[in-house]
Amino acid sequence: MSDSDGFTMPARSTPTRRNVIGAAGAVACGAALAGCGTGEPAPASVPPGVKGQVIAKVADVPVGGGTVIHKWKIVIAQPTSGVFKAFSASCPHRGCAVSRPADGLIRCPCHGSEFDATSGKCLKGPAGAPLVEFPLKVEGDGIVML
Ligand code: FES
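Read on for a plain summary of the structure. (Residues numbered from 1 in each chain as written. Predicted model: local features only at pLDDT ≥ 70, side-chain atom pairs only at ≥ 80, totals over all residues. Heavy atoms only, no water.)

Concerning the pairing of strand 4 (residues 83-88)
Moving on, step 1. Both strand 3 (residues 74-80) and strand 4 contribute to a ladder of five bridges, which runs antiparallel. Looking at the pairing, Ile76 lines up with Ala86 of strand 4.
Moving on, step 2. The sheet contact formed by strand 4 and strand 8 (residues 133-134) spans two bridges and is antiparallel. Across the sheet, residue Phe87 finds its bridge partner in strand 8, namely Glu133. (Pairing = 2+ DSSP bridges. Helix = DSSP H or I, 4+ residues; strand = E, 2+ residues; numbered from the N terminus.)

What follows is the structure in structure tokens.
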């Protein structure tokens, strides 16, 4: 299966008793954290090979939206003019690829989690953690991963 961004979704299998119990625990955990986690995104290193690379042009990242860099599995958002953010495109719930940012949100198409496009904070479960944020800089007309 793939979404409109061309991402391939993990194959789904018939749920086992263990999977169902695990999923219920994840939802409960998210609820216990007042809407799927209040923590800040953990600092992270960029994926191997991407450090120092220009991964997008500024002009390709719309204000209030963003884009998914499929090659690196990174989401670039521009929540407000001139402010760029990079996050892992892997949903912390079960690893599905999130969709491109829109309306200030980054959504996961698999189970409906939603993340703030400015901070990566999880706003709606079942994900129980924020998106991992990566450092970047704007250099000329390019977005460079640090
Ligand atoms: Fe389940 Fe993203 S993988 S909400």
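There's plenty left to go through after this.
Some points on the sheet that holds strand 3
Moving on, step 1. Spatially, four strands are ordered 2-3-4-8 in an open sheet, and the strand pairing comes out antiparallel. Lying at the two open borders of the sheet, with one neighbouring strand each, are strand 2 (65-69) and strand 8.

Some details on the sheet that holds strand 6 (residues 114-116)
Moving on, step 1. Reading across the sheet, the three strands line up as 5-6-7 and stay open at both edges, with antiparallel pairing between neighbours. Bordering the open sheet on either side are strand 5 (105-107) and strand 7 (122-124), each of which pairs with just one other strand. The sheet shows a mean angle of 35 degrees between the axes of neighbouring strands, taken without regard to direction.
Moving on, step 2. Relative to strand 7, strand 6 runs antiparallel, the two being bridged by two bridges. Bridge pairing in strand 7 places Phe115 opposite Cys122. (Axes fitted to C-alpha atoms, helices over the stretch in contact; angles between N-to-C directions.)

Describing the pattern of salt bridges
Moving on, step 1. Taken as a whole and assessed by the stated rule, the structure comprises four salt bridges.
Moving on, step 2. For the salt bridge of Arg107 with Glu114, the shortest nitrogen-to-oxygen distance reads 3.5 Å.
Moving on, step 3. Assessed through its relative accessible area of 32%, Arg107 is described here as partly exposed.
Moving on, step 4. In this structure, Glu139 and Lys137 form a salt bridge, with 2.9 Å as the shortest nitrogen-oxygen distance.
Moving on, step 5. On the basis of relative accessibility, which here comes to 46%, the residue Glu139 falls in the partly exposed class. (Salt bridge = Lys/Arg side-chain N within 4 Å of Asp/Glu carboxyl O. Buried < 20%, exposed > 50% of the residue type's maximum accessible area, 1.4 Å probe, protein only.)

A closer look at the nonpolar core
Moving on, step 1. In terms of nonpolar packing, the biggest core is built from 16 residues, with Val75, Cys91, Val98, Ile106, Cys108, Phe115 and Leu131 touching the most fellow members.
Moving on, step 2. Dropping the residues within four chain positions of it, Cys108 is found in contact with Cys91, Cys96, Val98 and Ser113.
Moving on, step 3. Counting residues in hydrophobic clusters, the runner-up holds 15 residues, among them Ile55, Ile69, Ile76 and Leu136. (Core = buried A, V, L, I, M, F, W, Y, C linked by side-chain atoms within 4.5 Å. Contact = heavy atoms within 4.5 Å.)

Notes on unusual backbone geometry
Both trends apply: most residues other than glycine have a negative phi, and most peptide bonds are in trans.
Moving on, step 1. In this structure, the amide linkage connecting Gly125 to the following residue, Pro126, adopts the cis form with an omega of 20 degrees.
Moving on, step 2. The topology assignment puts Pro126 in the loop between strand 7 and strand 8.
Moving on, step 3. At Lys73, a position not held by glycine, the phi torsion is positive, near 55 degrees.
Moving on, step 4. With respect to the helices and strands, the residue Lys73 is situated in the loop between strand 2 and strand 3.
Moving on, step 5. A relative accessible area of 49% places Lys73 in the partly exposed class.
Moving on, step 6. Positive phi outside glycine occurs at Asp103, with the angle close to 55 degrees.
Moving on, step 7. Here Asp103 lies in the loop between strand 4 and strand 5.

Focus on the state of the cysteines
Moving on, step 1. Applying the stated rule across the entire model yields one disulfide.
Moving on, step 2. One disulfide bridge connects Cys96 with Cys110, the sulfur atoms lying 2.0 Å from each other. Its S-S torsion of about -95 degrees marks the bond between Cys96 and Cys110 as left-handed, since a negative value means left-handed. One end of the pair, Cys96, is in the loop between strand 4 and strand 5; the other, Cys110, is in the loop between strand 5 and strand 6, with 14 residues separating them in the sequence. Considered together, Cys96 and Cys110 belong to a single accessibility category, that of buried residues. (Disulfide = S-S within 2.5 Å.)

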